[in-house]
Amino acid sequence: MHLIRRPRTSFGLSDRASTMEFKSEAHKEVYERTQEHLHALFGEVNVKSMDGTFVLQEGSTFVYTRVFPIGESKAGVEVFSYVVIGVTVSEELMRYLLTYNLKLILGGFGLALGKDGKGTVLLTHTILGNSMHRDELYGSVSAIARVADDLDDQIVTAFGGQTALGKLMESQPPPEYWEE
């Protein structure tokens, strides 16, 4: 097992150090390659790290990239986005997501249910990290970002809930205004 300390610097989180725990050498190698590729593709300043997950913002959505072990000798790279949060789950929503999945070239929609009965619509794509090339990671991140950003507002309009950015802004304090 390998440990690496990384600062938490993303989206309102403190800068206190967090520990990334690797389950195997393959997990560590794929994590480091993923980080290098993301920095080269999108710029180090645009890629935040949060508890071992890389985060980028695209319009009103955030794209997350995480590396996970597959046994001792392999690792996967999951690229995902929380498209809509707090949506009322209905048969109509599920049909919409399943039908749209047929149109997607990379990735697919999923639906997670919260304890409150509300749903979170996710869009996710997984790559085998050991053989991943920079262009493959770029294609996955770009596809997830584009679809999530294009559809989040449409889903909110049709089915309710909030975009990821809308949820984040709701939890942020309002800006201060100074009178002159």
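In what follows, the structure referred to is the one given above.
Small disclaimer: the values here were computed from a predicted structure and weren't measured. (Residues numbered from 1 in each chain as written. Predicted model: local features only at pLDDT ≥ 70, side-chain atom pairs only at ≥ 80, totals over all residues. Heavy atoms only, no water.)

Caption draft 1: Highlighting the overall build of the protein chain. Looking only at helices and strands, the protein chain has 4 helices and 9 strands in total. Here the protein chain holds 180 residues, and the buried ones make up 39% of them. Taking contacts inside the protein chain between residues at least 6 apart in sequence as the whole, the part at least 24 apart equals 59%. (Helix = DSSP H or I, 4+ residues; strand = E, 2+ residues; numbered from the N terminus. Buried < 20%, exposed > 50% of the residue type's maximum accessible area, 1.4 Å probe, protein only. Contact = heavy atoms within 4.5 Å.)

Caption draft 2: Representation of the packing of aromatic side chains within the structure. Applying the stated criterion across every chain yields a total of 9 aromatic pairs. Each ring, one from F22 and one from Y31, has its centre 5.2 Å from the other, and the planes form 70°; the classification is edge-to-face. Judged by its relative accessible area of 0%, F22 is buried. (Phe/Tyr/Trp six-rings, centres within 6.5 Å; stacked < 30°, edge-to-face > 60°.)

Caption draft 3: Structural detail: the packing of helix 2 (residues 91-101) against helix 3 (residues 134-159). It is at 12 Å that the axes of helix 2 and helix 3 come closest, and there the two elements cross at 155°. Overall, the two elements helix 2 and helix 3 adopt an arrangement that is roughly antiparallel. Crossing geometry of helix 2 relative to helix 3 is assigned as right-handed. Contact residues: E92, L93, Y96, L97 and Y100 in helix 2; V147, L151, Q154, I155 and F159 in helix 3. Per-class residue counts for the contact of helix 2 with helix 3 are 8 nonpolar, 1 polar and 1 charged. (Axes fitted to C-alpha atoms, helices over the stretch in contact; angles between N-to-C directions. Parallel < 35°, antiparallel > 145°, perpendicular 65-115°, else oblique. Left-handed = near helix turned anticlockwise from the far one by under 90°. Nonpolar A, V, L, I, M, F, W, Y, C, P; charged D, E, K, R; others polar.)

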